[in-house]
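Architecture at a glance
Residues per chain, in single letters:
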Amino acid sequence: MKQVFKIDKDGFFIEPVIIANNEKLSSNYVEDMIPYGLYKPKWNGKEWVEGATQEEIDAIRNPGLQQPTTRTIYRIDEYGYLIEKMEYDNHLPLPQDMVDTPLPPNLYYPRYDRTTKQWVEGKSYEEILEEVKQAKINELKVACTATICSPFLSSVKGPDGTYYRFGYNERDQLNFNSQLNKINLWKNLVKEGKMTPEEYAAKFPLQWKAVNVGVVSLTEEEFLTVVDDAEVHQLTQQKKYWILEMQVKQAKTIEEVQAIEWDAS
């Protein structure tokens, strides 16, 4: 058995191979030993030579100094406004709609000034302030809705003194409204003589799910108290939103707007 060296169609070394001593070699195998010190051995038909370029050799010798193959560039529109950021091959020339000038932080609408070859703010401060305000108001609306739809603590408590906490997402709100409508309907039926007071009383207690203790029994008075508590919960959050919304509208700077935050407590 003996070791030979497999090469590709260009003569570059691929891997060592063990073959039988009497096995005939094809053109993609070489018997000559590869000399020590070649970074990328290449067979030129007569001998092994260095196949690596100087750049490749430098990269192998100094991996920490290897130059990046790509750079960050920015695609801009005909007015210079930023479209997208991307990585681009270092060896390719820049197309006309791209620039590689580093983009400074804190620009809301970056625009590349072809005269000064610098990035500038693409909108006036007043325009940006109004857009930041609108974005903040939208953010507060979402936060307000999320808080309203979160469970609320009622003033009704169970036999062990635990106050009931009820869910208040969209489905829960529909269930509360539906049950309240039923109660009002029953009351009207009693007034019209189509339901007896005894039949009305038999509708209670209602079975309702509390998120902290499970299904509970609620008298008519307790259920109506829970409904009132839910309205207070919702109105409290709406008032909080109205106050913050006014603070946003009255703000004079972007920093003032950004400092306004929703408190879900």
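Refer to the structure presented above.
Only a predicted model underlies this, so the values are computations on that prediction, with no experimental measurement involved.

Attention now goes to the sheet that holds strand β8 (residues 98–99). With respect to topology, three strands assemble into an open sheet ordered β7-β6-β8, the strand pairing being antiparallel. Of all the strands in the sheet, the pair left with one neighbour each is β7 (82–89) and β8. The sheet contact formed by strand β6 (residues 70–76) and β8 spans two bridges and is antiparallel. Bridging from a neighbouring strand, Tyr-74 pairs with Val-99 of β8.

If you walk through the whole model with that rule in mind, you get twelve salt bridges. Where Lys-40 meets Glu-56, a salt bridge forms, and the shortest distance between an N and an O atom there is 3.7 Å. A residue pair is termed long-range when its members are at least 10 positions apart, and Lys-40 in the loop between β3 (29–30) and β4 (41–43) and Glu-56 in helix α1 (residues 54–61) qualify at 16 residues. For the salt bridge of Glu-245 with Lys-249, the shortest nitrogen-to-oxygen distance reads 3.7 Å. Highlighted residues: Glu-245 and Lys-249, both in helix α5 (residues 220–250), separated by four residues, approximately one helical turn.

Turning our eyes to something else, we now look at the packing of helix α3 (residues 170–191) against α5. Axis separation between α3 and α5 bottoms out at 11 Å; the angle between their running directions is 135°. One element, α3, and the other, α5, form an angle in the oblique class. Note that α3 runs across α5; the crossing there is left-handed. Note on element contacts: α5 touches α3 through Glu-220, Phe-223, Leu-224, Val-226, Val-227 and Gln-234, opposite Gln-173, Phe-176, Gln-179, Leu-180, Ile-183 and Lys-187.

Moving on: the environment of Gly-51. Here Gly-51 shows up in the loop between β5 (48–50) and α1. As for Gly-51 and Gly-11, which are separated by 40 residues in sequence, their C-alpha atoms are 9.0 Å apart. Aside from chain neighbours lying at most four places away, what touches Gly-51 is Phe-12, Lys-40, Lys-42 and Glu-56.

This part takes up α3. With 22 residues, α3 extends 32 Å from end C-alpha to end C-alpha; this agrees with the ideal 32 Å at 1.5 Å per step. Listed as buried for α3 are Gln-173, Phe-176, Gln-179, Ile-183 and Trp-186. One face of α3 carries all of its buried residues, which in axial projection span an arc of 150°. Away from the buried face of α3 by more than 90 degrees, exposed residues Glu-170, Arg-171, Leu-174 and Asn-181 are located. Residues of α3 that are buried make contact with α2 (125–148), β11 (152–157), β12 (163–166), α4 (197–201), β13 (206–210) and α5. Where α3 starts, the residue carrying a side-chain oxygen 3.1 Å from the main-chain nitrogen of Arg-171 turns out to be Asn-169. Gly-193, located one to two residues past α3, shows a positive phi value of around 80°.

Time to look at the environment of Ile-83. In this fold, Ile-83 is placed in strand β7. Excluding residues within four positions of it along the chain, Ile-83 makes contact with Arg-75, Ile-76 and Asp-77.

Time to look at the side chain of Gln-179. With respect to the secondary-structure elements, Gln-179 resides in helix α3. For Gln-179, the residues in contact, after removing those within four places along its chain, are Trp-186, Leu-206, Trp-208 and Phe-223.

The next subject is the sheet that holds strand β2 (residues 13–19). On the basis of which strands lie adjacent, the open sheet formed by three strands has the order β2-β1-β3 and antiparallel pairing. Edge positions in the open sheet fall to β2 and β3, since each of these has one partner strand only. As paired strands, strand β1 (residues 2–7) and β2 are joined by six bridges and run antiparallel to one another. When the sheet's bridge partners are listed, Ile-7 is paired in β2 with Phe-13.

Further remarks concern the side chain of Asp-229. Position of Asp-229 relative to the elements: it lies in helix α5. Despite its burial, Asp-229 remains without a salt bridge, the nearest opposite charge being carried by Arg-165 at 11 Å. With sequence-adjacent residues up to four places away left out, Asp-229 is seen in contact with Phe-152, Ser-154, Ser-155 and Val-156.

What counts as what
Residues numbered from 1 in each chain as written. Predicted model: local features only at pLDDT ≥ 70, side-chain atom pairs only at ≥ 80, totals over all residues. Heavy atoms only, no water. Pairing = 2+ DSSP bridges. Helix = DSSP H or I, 4+ residues; strand = E, 2+ residues; numbered from the N terminus. Salt bridge = Lys/Arg side-chain N within 4 Å of Asp/Glu carboxyl O. Axes fitted to C-alpha atoms, helices over the stretch in contact; angles between N-to-C directions. Parallel < 35°, antiparallel > 145°, perpendicular 65-115°, else oblique. Left-handed = near helix turned anticlockwise from the far one by under 90°. Contact = heavy atoms within 4.5 Å. Expected span 1.5 Å × (residues − 1). Buried < 20%, exposed > 50% of the residue type's maximum accessible area, 1.4 Å probe, protein only. Arc of directions from axis to C-beta. Polar contact = N/O pair within 3.5 Å; in protein donor to acceptor, adjacent residues only side chain to side chain. Lys, Arg positive; Asp, Glu negative; His and termini not counted.

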